[in-house]
Amino acid sequence: MTFVNTIFTSRLLSFRRPQNTSPTADHVTREQLVTSRLGRFAQIPASEIFALEPTWSPLGLTEEAAAEILKQHGQNIPVAERPLAALSTLWTALWNPFNVLLTVLACVNIATQDVATFVVMMVMVVASTGLRYWQEMKSMVQALKLVRSIVTRVRVVRRVNGISQELEVDQKLIVPGDVIAVASGDVFPGDCVLISSEALAIAQASLTGELMPIDKTIRLVAASESDAFHLLNNDNVCLSGTSASAGNGRAIVISTGKDTYMAGIAEELNRKRPENAIQVGIRKVSYVLMGFMAVMAPIVFIVQGAVSHDWKGAIMFAIAIAVGITPEMLPMIVTSNLALSAVRIARKNVIVKRFDAIQNLGAVKVLCSDKTGTLTVDLVSVSKSVTDSGEDSGLPIKLAYINSLLQTGTRSPIDRAIVDYMHANEKGSVAGDGHQDSWQKHGEVPFDSTRRLLSILVSRLSTDGEGLFITKGAVEEVLERCTSVYRQQQRSFSASSSDFKLERTAYTTLTEDDRRAILDTSKRLNEEGLRLVAVACKCATVKQFMTINTADEEDLVFIGFVSFLDPLKPDAADAIKELSKLNVQVRILTGDAPAVAGKVARDLGLLDTRNVILKSKKADEEAVGAISEADLIVTGPQLAELSKDQDAFAEAVERAVIFAKLSPYQKLEVVKALRAGDGGRAVAFLGDGVNDALAIRGADVGISVDSGTEIAKEAADVILLEKSLGVVALGVVQGRITLLNTVKYIKMACSSNFGNVFSVLVASAWLPYQPMLPLQLLVQNLLYDFSQGSIPWDNVDPEYLETPRTWSALSIIRFMICLGPFSSPFDIVVFCINWFYYGIRTADSPLVPLAQTNWFLEGSLTQLFIIQFLRTGKTPFIQSRASLPVVLVTFGMACVSMAIPYIPKVSSALQMRPPHPEFYAYLVGIIAAYACVVHMVKVLYQMTFKEWL
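Since this is a predicted model, take the numbers as computed values, not measurements. (Residues numbered from 1 in each chain as written. Predicted model: local features only at pLDDT ≥ 70, side-chain atom pairs only at ≥ 80, totals over all residues. Heavy atoms only, no water.)

Describing the overall build of the protein chain
Heads up, the condition is: Here a helix means four or more residues in a row that DSSP labels H or I, a strand means two or more in a row labelled E, and each is numbered from the N terminus. Partly exposed describes any residue whose relative accessible area lies between the buried limit of under 20% and the exposed limit of over 50%, with all areas from a 1.4 Å probe on protein chains only and scaled to the type maximum. Working rule for contacts: check all heavy atoms of both residues, and any pair within 4.5 Å makes them a contact. All accessibility values rest on the Shrake-Rupley procedure with a 1.4 Å probe; residue burial counts only the protein chains present in the view.
Across its full length, the protein chain holds 35 helices and 24 strands. Within the protein chain, the fraction of its 949 residues that count as buried is 56%. In the protein chain, the proportion of contacts linking residues at least 24 apart, taken out of those at least 6 apart, comes to 76%. In the structure as shown, the protein chain presents an accessible area of about 39700 Å², 58% of it carried by carbon and sulfur atoms.

Structure follows, in structure tokens:
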């Protein structure tokens, strides 16, 4: 053991920081811990593993030892099975910049004994928080139901009363040191090292994205110092969550629960999540509005106090102005928008776990997608059957079919694909021809991971003594055992042919040139993204009671190849086109081979170099024309080299469309680089495996599916019950509708409030009385806000849905400054009417309530009517019409505004009085003139800034 320990120690000392991981030290430390723990047992012969731990034994742990280890390490509990974080969710729903602002203002109002305003503001905070909390808790409960699986039983070897027995125990009770027995279909309950294997193949697509199972075997000799140990690419390590797809074996459990590789990813997922694009936008807008309020409110206070000498009244008026500047309905509008969108998306079989993910979908510019099961159907199927030179032929698939149909071992995905393909192409003739009955098997050499071959000896029932020895398997291994090649003449073998005969005259000696040509054909087909199985056979004599073995796998005749692929989903191409129309770029991030990913991207049109100009702002037409398909594909090892140069790394990420052979941490780094590119962009990631979890959480929008791994679903913001890009495209459209309707509200509210502030400043400097009482100003603001409560149900012009959208503080400020002041001249017109026509020029005039009522009506009706003009960049009522809810609510609020002065108790409480009839003539003229001015400004604004919403 001294030699083994020396090797292991030297290997640990030679560990260097992996170049394909995230630059942070935490990532490296965690991966090194898992790698070193497993490497200690995986790099030595299986026979020597138990010498490293005194309590471990190939006969299994004793019950006492297992109980003691269980106390030390805890139960083997999946990451997703933890209680709902109700308080955390409530805090997240409550902690909103606008909620904080409203709460502060409410506290100021209650301190000044303005109970009514305090109640209204707190109702807004409670309603917004409550709706968000209810929706997110409901979604979390649904998500938790999805990730909780039934109790999993594991076959484990334990010593009971000194006798080694194979028992079935709950997966939660598995501990390090347990010897488990696995067969086809079993899931590994922890990180394990094999100690015995019989043709064992492991499905680890959830970790690497590779669709085909990986052959695993035991280590017979210790690894040399030069042999690198790769956690995801080795012969004898089976990680937690992977499963046996064929064969059987035994393994020693090394790590369970929080110590597994999967738990390491989960630990990274528990870190604080970075702000997404929408959160950054909201934060910036919040700071702008609060800064604006902090400047304007003191100015109003000073001017009003200096003019009126009523400093207490000036304080109240300044507070009212602060409230008026703040779009206090924004939390409610945002929450209502999100709730409505969540209901709409739920009808498309989508569960929204995190509320603001809907808006983030609308902002997405790049969608990173895993390949398997998203773009493809996640099922191995036959692509074509070809000769040694790559020409179509039905003979290889026919022979492979007989081999797969009559073999008695566990059928691999390839065997099932061959049988299903033939059954589908025979269209019922298989049953009639009775293939399984017309061919009789006389012997079989089962598949094993060392030979990588499966051979059977068969004969026709109608023949006597004439047999056919059929072998299929890996290309190199089959070719090694061939001495001839079958050259088909004019006759071809269709897949549906049930009768065929090999012509001995078609046999030719297999030369070295032939071998190189066959390997070249294999390489060419592999580069097309196809998986290959080689088929060979030879004529044999069948005798009674005869047996066959590996020695018979010699002097074979090479027939050809059967190729396989994971076919595209029927709707994948249409979904890609739809996303392209929405200006969302799609990129493939996979752990699979570059050739396989390239085949998928090529079929979907993603490798069209004409699209590269969309991928890089710096690329000109000449540079784009010089880019080849190979330039659009980058692999994990290549990114690892580029990581030394951040500029080169960023350039490669911007250019590439396919990222292949990526580790989980590399996927995260690619997502981060994409988010940082182009001055900051929103990125979504769609995946379902453990290897996708970090990238799912690191994206602005993480998307998983209900059939995904537990850890991926927990990291996701959105869970699709239907694994389709088409559903994502619908989510993008709905997200943009949600975002645009929210932006409509905040732009209209801010511009209107900004204009009111200018009007108030003029009034404060000119009029000896308050132009509107604080309570009147608050009621007017609330009527306007309630009218905008219908905005979530508004229509959105189609052209606004064509490009990604996000919150832009600059756009909101520009809109507010350019549009807001144009309402002030019309407010000043009302002041002039009150001053010159009605002669209201002193604070003690009995007509002051009339002046306040006149401005209340003008401000309310112009604000409500102008919604129709501000909600669209087109001509309202003609080119773009508001939805019925918006029309009804705004008309209703206008009626309420006009009715208030005529309702005795309400008008008395608000100190208002009915306006003179002739004022309505002025009011109609003011509204019409304001509408014309706003429309002209809107046209000029769009010509100047090339945007509206």
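Structural notes on the packing of helix H28 (residues 725-766) against helix H29 (residues 774-787)
Defined as follows: The convention used is that axes are lines fitted to C-alpha atoms, helices contributing only their stretch in contact, and that angles between N-to-C directions extend from 0 to 180 degrees. An angle counts as roughly parallel when it lies under 35 degrees, as roughly antiparallel when it exceeds 145, as roughly perpendicular when it falls between 65 and 115, and as oblique in every other case. By definition, any crossing whose near helix is turned counterclockwise from its far helix by less than a right angle is left-handed, and any crossing with a clockwise turn is right-handed.
In the contact formed by H28 and H29, the axes pass within 11 Å of each other and the chain directions differ by 160 degrees. Taken together, the axes of H28 and H29 are roughly antiparallel relative to one another. Read as a crossing pair, H28 and H29 show a hand that is right-handed. Contact with H28, carried on its side by Tyr 745, Met 748, Ala 749, Ser 752, Asn 753 and Asn 756, involves Gln 780, Asn 781, Tyr 784 and Asp 785 of H29 and no other residues of that element.

Here's the deal with helix H18 (residues 512-527)
In an α-helix, one turn spans 3.6 residues; hence positions three or four apart end up facing the same way. To keep things clear, this is the line we draw: One less than the number of residues in a helix, times 1.5 Å, gives the span that helix is expected to have. Here, the arc refers to the directions that run from the helix axis to the C-beta atoms.
A rise of 1.5 Å per residue sets the reference length of H18, with its 16 residues, at 22 Å; its end C-alpha atoms lie 22 Å apart and thus fit the reference within 8%. Those residues of H18 that fall on the buried side of the exposure criterion are Asp 514, Arg 515, Ile 518, Thr 521, Ser 522 and Leu 525. Considered in projection along H18, the buried side chains sweep an arc of 125 degrees and stay on one side of the axis. Along H18, the residues that are exposed and aim more than 90 degrees away from the buried face are Asp 513, Asp 520 and Lys 523. Buried residues along H18 sit against strand S11 (381-386), helix H17 (475-480), strand S15 (482-486), strand S16 (507-509), strand S17 (531-541) and strand S18 (556-565). Positive backbone phi, at 85 degrees, marks Gly 529, one or two positions downstream of H18.

As for the side chain of Thr 521
Here Thr 521 shows up in helix H18. Thr 521 gets classed as buried once you look at its relative accessible area, which sits at 7%. Apart from residues no more than four positions distant in its own chain, Thr 521 is found in contact with Asp 388, Ser 389, Gly 390 and Phe 561.

Some remarks on the sheet that holds strand S21 (residues 658-660)
Applied cut-off: Strands were regarded as paired on the criterion that DSSP finds at least two bridges between them.
The strand order S9-S24-S23-S22-S10-S19-S21-S20 describes an open sheet built from 8 strands, whose pairing is mixed. Only two strands of the sheet have a single neighbouring strand rather than two, namely strand S9 (350-352) and strand S20 (633-635). Sheet twist, expressed as the average angle between the axes of neighbouring strands with direction ignored, equals 20 degrees. Summarising the sheet, strand S23 (residues 701-705) and strand S24 (residues 718-720) pair through 3 bridges and their orientation is parallel. By the bridge assignment for S24, Val 705 is matched with Leu 720. The strands touched by helix H25 (residues 664-676) are strand S10 (364-369), strand S19 (585-589), S21 and strand S22 (682-686); relative to S22, the strand with the most contacts, the crossing angle is about 155 degrees.

Re the packing of aromatic side chains
To keep it simple, the criterion reads: The pairing test for Phe, Tyr and Trp rings, Trp by its six-membered ring, is centres within 6.5 Å, and the orientation test on the planes gives stacked under 30 degrees, edge-to-face over 60, and tilted for anything in between.
Counted under the stated rule, the structure contains 15 aromatic pairs. Seen from their ring centres, Phe 815 and Tyr 941 are 5.9 Å apart, and the 75 degrees between their planes marks the pair as edge-to-face. Of this pair, Phe 815 sits in helix H30 (residues 809-819) while Tyr 941 is found in helix H35 (residues 919-945), placing the two residues 126 residues apart along the sequence. Residue classification places Phe 815 among the buried positions, given a relative accessible area of 0%.

As for the pairing of strand S3 (residues 163-170)
As defined by bridge partners, strand S2 (residues 153-160) adjoins S3 across 8 bridges and the pair is classed as antiparallel. In the sheet register, Val 156 faces S3, and the bridge partner there is Leu 167. In sequence, S2 turns back onto S3 through a hairpin of 2 residues, with Asn 161 there showing a positive phi of about 55 degrees.

Considering the pattern of salt bridges
Counted only if it meets this: By definition here, a salt bridge exists when the distance from a side-chain nitrogen of Lys or Arg to a carboxyl oxygen of Asp or Glu is within 4 Å.
In total, this model carries 25 salt bridges according to the counting rule given. Across the salt bridge formed by Arg 155 and Glu 166, the nearest N and O atoms sit 3.1 Å from each other. Of the two residues, Arg 155 sits in strand S2 while Glu 166 sits in strand S3, which places them 11 residues apart along the sequence. Arg 155 sits in the partly exposed class, given a relative accessible area of 25%. For Glu 166, a relative accessible area of 42% translates into the label partly exposed.

Some points on the pairing of S23
How we decide: Crossover handedness is defined by viewing with both strands directed away from the observer: a clockwise path from the first strand over the helix to the second marks the crossover as right-handed.
A large share of S23 lies buried, amounting to 5 of its 5 residues. Relative to S23, S22 runs parallel, the two sharing 3 bridges. The residue of S23 that forms the bridge with Ala 684 is Val 701. The parallel pair S22 and S23, bridged by helix H26 (residues 693-698), forms a crossover whose chirality is right-handed.

Observations concerning unusual backbone geometry
The phi dihedral of Asn 161 is positive, around 55 degrees, even though this residue is not glycine. Within the fold, Asn 161 resides in the loop between S2 and S3. With relative accessibility at 76%, the residue Asn 161 sits in the exposed group. Positive phi, close to 60 degrees, is recorded for Asn 583, a residue that is not glycine. With respect to the helices and strands, the residue Asn 583 is situated in the loop between helix H19 (572-581) and S19. Given the relative accessible area of 40%, Asn 583 is considered partly exposed.

Structural notes on the environment of Asn 781
Position of Asn 781 among the secondary structure elements: in helix H29. Along the primary structure Asn 781 and Gln 863 are separated by 82 residues, whereas in three dimensions their C-alpha atoms are 9.6 Å apart.

Some remarks on a nonpolar patch on the surface
For clarity, the cut-off: Patches draw on residues past 30% relative accessible area with no salt bridge. Two like charges within 9 Å are joined, as are two nonpolar side chains (Val, Leu, Ile, Met, Phe, Trp, Tyr) within 5 Å.
Taken together, the side chains of Ile 110, Val 115, Val 119 and Val 123 make up a nonpolar region of the molecular surface, amounting to roughly 310 Å² of accessible area. Looking at the element boundaries, Val 115 is found in helix H6 (residues 115-147).

Brief notes about the nonpolar core
For clarity, the cut-off: Grouping buried Ala, Val, Leu, Ile, Met, Phe, Trp, Tyr and Cys residues that are joined through side-chain atoms within 4.5 Å yields what is termed a nonpolar core.
The biggest cluster of nonpolar side chains holds 62 residues, and the ones touching the most others in it are Ile 703 and Leu 720. Counting residues per element, this core draws most heavily on H28, which supplies 13 residues. If near-sequence neighbours (up to four positions away) are discounted, Leu 720 is found in contact with Asn 349, Val 350, Leu 686, Ile 703, Ser 704, Val 705, Asp 706, Val 727 and Val 728. If you look at the next biggest cluster of nonpolar residues, it comprises 53 residues, including Ile 866, Ile 900, Tyr 941 and Trp 948.

Focus on the environment of Glu 669
Relative to the helices and strands, Glu 669 resides in helix H25. Counting along the chain gives 16 residues from Glu 669 to Val 653, while the straight-line C-alpha distance between them is 9.7 Å.

Section: helix H3 (residues 63-73)
Listed as buried for H3 are Ala 65, Ala 66 and Ile 69. When H3 is viewed along its axis, its buried side chains cluster within an angular range of 100 degrees and face the same direction. Exposed and oriented more than 90 degrees from the buried face of H3 are Glu 64, Glu 68 and Lys 71. Directly after H3, the chain includes Gly 74, whose backbone phi takes a positive value near 85 degrees.

Focus: the side chain of Lys 216
Test applied: The charge count treats Lys and Arg as positive and Asp and Glu as negative. His and the chain ends do not count. Two N or O atoms count as a polar contact when they lie within 3.5 Å, although within protein this holds only if one can serve as hydrogen donor and the other as acceptor, and sequence-adjacent residues are included solely when both atoms are side-chain atoms.
Inspection of the secondary structure assignment puts Lys 216 in strand S6 (residues 214-216). Despite being buried, Lys 216 has no salt bridge partner; Asp 235 is the closest side chain of opposite charge, sitting 6.3 Å away. In terms of polar contacts, Lys 216 uses its side chain to reach the backbone carbonyl oxygen of Val 237, at 3.0 Å.

Regarding the packing of helix H31 (residues 824-837) against H35
The N-to-C vectors of H31 and H35 enclose an angle of 155 degrees; their axes lie 10 Å apart at closest approach. For the element pair H31 / H35, the angle class is roughly antiparallel. Seen along the crossing, H31 lies across H35 with a hand that is right-handed. Judged by residue contacts, Phe 826, Val 829, Val 830, Ile 833 and Tyr 837 of H31 engage Phe 919, Tyr 922, Ile 926, Ala 929, Tyr 930 and Val 933 from H35.

Here's the deal with the environment of Thr 521
C-alpha separation for the pair Thr 521 and Phe 561, spaced 40 residues apart in sequence, amounts to 9.5 Å. At 3.1 Å, the side chain of Thr 521 and the backbone oxygen of Asp 388 are in polar contact.

What to know about the confidence of the model for the protein chain
This is how it is decided: The quantity known as pLDDT measures the predictor's confidence residue by residue, on a range of 0 to 100.
A residue-level look at the protein chain finds 83% of positions with pLDDT of 70 or above and a mean pLDDT of 80. Note on residues 428-434: pLDDT under 50 across the span, and 8 contacts to partners over four residues away in sequence or across chains.

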